[in-house]
Amino acid sequence: MRNLLQFLARYSNFLIFLILEVVAFILITSTHKYQHSAVWSSANRLAAGTENIMTTIGDYFRLQQDNQRLAEENAQLRNQLIAQANQLEAIAERDSQYVYSQLDWEYIPAKVVRITTHNQHNYLTINKGLRDSIQVDMGVVSKDGVVGIVSAVGEKYSLVVPIIHVGMNLSCRLKTNNYIGRTQWNGMRYDEVALEDISRHVSVNVGDTVVTSGLTNVFPEGIMVGTVLETEITENDNYHRTKLQIATDYKSIKYVQVIRNRTPYQEKE
């Protein structure tokens, strides 16, 4: 207490001056509109600046939490995108299946995981195998038409010989007149095959449709093979020289269906 009294006595003049200055400031700001407005404007700016600084400091300390939250949201969005992609892929597999009236045929959807188109002996690998009831010599089709025939089967994957394989022959027929022929690839263009064994007396025209013959237990009758791209015959030819535009695009094929014959053909003893 004694120290306080000594302090007040020592600085009494300064304290009286300070009090008078405050009283004068209050009287001026309360009785003059301009000074009043200026003081309040300055006070508001000071308060706003202080608040902005405090907000910046708070944001800085909340930055780590915000980054964590954004990371979690990004992870959730990625998971949603993956789930949607999987759903679309499943829908694509489902929608690409053929729907036929023949009850003796079953279509098993599969995805192409590997394919070659530039070799003499091309192959496709699909993601279905023994555990999916796939067997050798089953036919394979796409949404556009015939793809090939299963040649080897593993537990999870199978190998398919496509039409564009020099050793592949497919029984087919001209849709306009039901005349039987077969396909033969010459190892050149991946989108063309030859149509063999069409006699010279048979009418063949550009644009004619060629489909599976149904004479084997591999493919049902009437599945698209291709269309006649060009045909010619000379005086000495016994058969047409015909090229087909293949219906299936091997460069873009992604989903296929493996055909299982529930009642395979059996020869009578």
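Residues numbered from 1 in each chain as written. Predicted model: local features only at pLDDT ≥ 70, side-chain atom pairs only at ≥ 80, totals over all residues. Heavy atoms only, no water.

Asks: Can you lay out the sheet that holds strand 7 (residues 180–184) for me, pointing to particular residues and giving the numbers?
Replies: Backbone hydrogen bonds hold the strands of a sheet together, and the pairing may be parallel or antiparallel. Read around the closed barrel, the 6 strands follow the order 6-7-8-11-10-9; overall the barrel is antiparallel. Pairs of neighbouring strands in the sheet enclose a mean axial angle of 40°, with direction left out of account. (Pairing = 2+ DSSP bridges. Helix = DSSP H or I, 4+ residues; strand = E, 2+ residues; numbered from the N terminus. Axes fitted to C-alpha atoms, helices over the stretch in contact; angles between N-to-C directions.)

Asks: Would you mind going over the side chain of Asp191 in detail, with residue names and values included?
Replies: Structurally, the position occupied by Asp191 is in the loop between strand 7 and strand 8 (192–196). For Asp191, the side chain forms a polar contact with the side chain of Arg189, separated by 2.9 Å. Apart from the residues lying within four places of it in its own chain, the contact partners of Asp191 are Leu244, Gln245 and Ile246. (Polar contact = N/O pair within 3.5 Å; in protein donor to acceptor, adjacent residues only side chain to side chain. Contact = heavy atoms within 4.5 Å.)

Asks: Give a description of the pairing of strand 12 (residues 255–261) that names residues and reports values.
Replies: It is a general feature of regular strands that their side chains alternate between the two faces of the sheet. With 6 of 7 residues buried, strand 12 lies mostly within the body of the structure. Bridging between strand 3 (residues 139–141) and strand 12 involves 3 bridges; their strand directions are antiparallel. Bridge pairing in strand 12 places Gly139 opposite Ile259. (Buried < 20%, exposed > 50% of the residue type's maximum accessible area, 1.4 Å probe, protein only.)

Asks: Kindly report on the sheet that holds strand 4 (residues 146–153), identifying the contributing residues and their values.
Replies: Spatial strand order, 1-2-5-4-3-12: 6 strands in a closed barrel with antiparallel pairing. With strand direction ignored, the average angle separating the axes of adjacent strands in the sheet is 45°.

Asks: Account for the nonpolar core, naming residues and giving values.
Replies: Core analysis: the biggest nonpolar cluster contains 42 residues, and Leu174, Val210, Phe219, Val225, Val256 and Val258 have the highest contact counts within it. The greatest single-element share of this core, amounting to 5 residues, is contributed by strand 1 (residues 105–115). (Core = buried A, V, L, I, M, F, W, Y, C linked by side-chain atoms within 4.5 Å.)

Asks: Now, about the pattern of salt bridges: what can you tell me, with residues and values included?
Replies: In this structure the tally under the stated criterion is 7 salt bridges. Between Glu106 and Arg260 there is a salt bridge, with its nearest N and O atoms 2.4 Å apart. Placement of the pair is Glu106 in strand 1 and Arg260 in strand 12, with a sequence separation of 154 residues. Taking relative accessible area as the criterion, Glu106 reaches 25% and is therefore assigned partly exposed. Asp197 is the partner of Arg182 in a salt bridge, and the nearest nitrogen-oxygen pair spans 2.8 Å. In this pair, Arg182 is assigned in strand 7 and Asp197 in the loop between strand 8 and strand 9 (209–212), connecting sequence segments 15 residues apart. Accessibility expressed as a relative area gives 28% for Arg182, which makes it partly exposed. Several salt bridges share partner residues, and in doing so they unite Arg189, Asp191 and Glu192 into one network. (Salt bridge = Lys/Arg side-chain N within 4 Å of Asp/Glu carboxyl O.)

Asks: Before we move on, can you summarise the environment of Ile198 with the specific residues and values?
Replies: With respect to the helices and strands, Ile198 occurs in the loop between strand 8 and strand 9. Taking the C-alpha atoms as reference points, Ile198 and Leu174, 24 residues apart in sequence, are found 9.2 Å from one another. If we skip the residues at most four places from it in the chain, Ile198 touches Leu174, Tyr179, Ile180, Gly181, Val204, Asn238, Tyr239 and His240.

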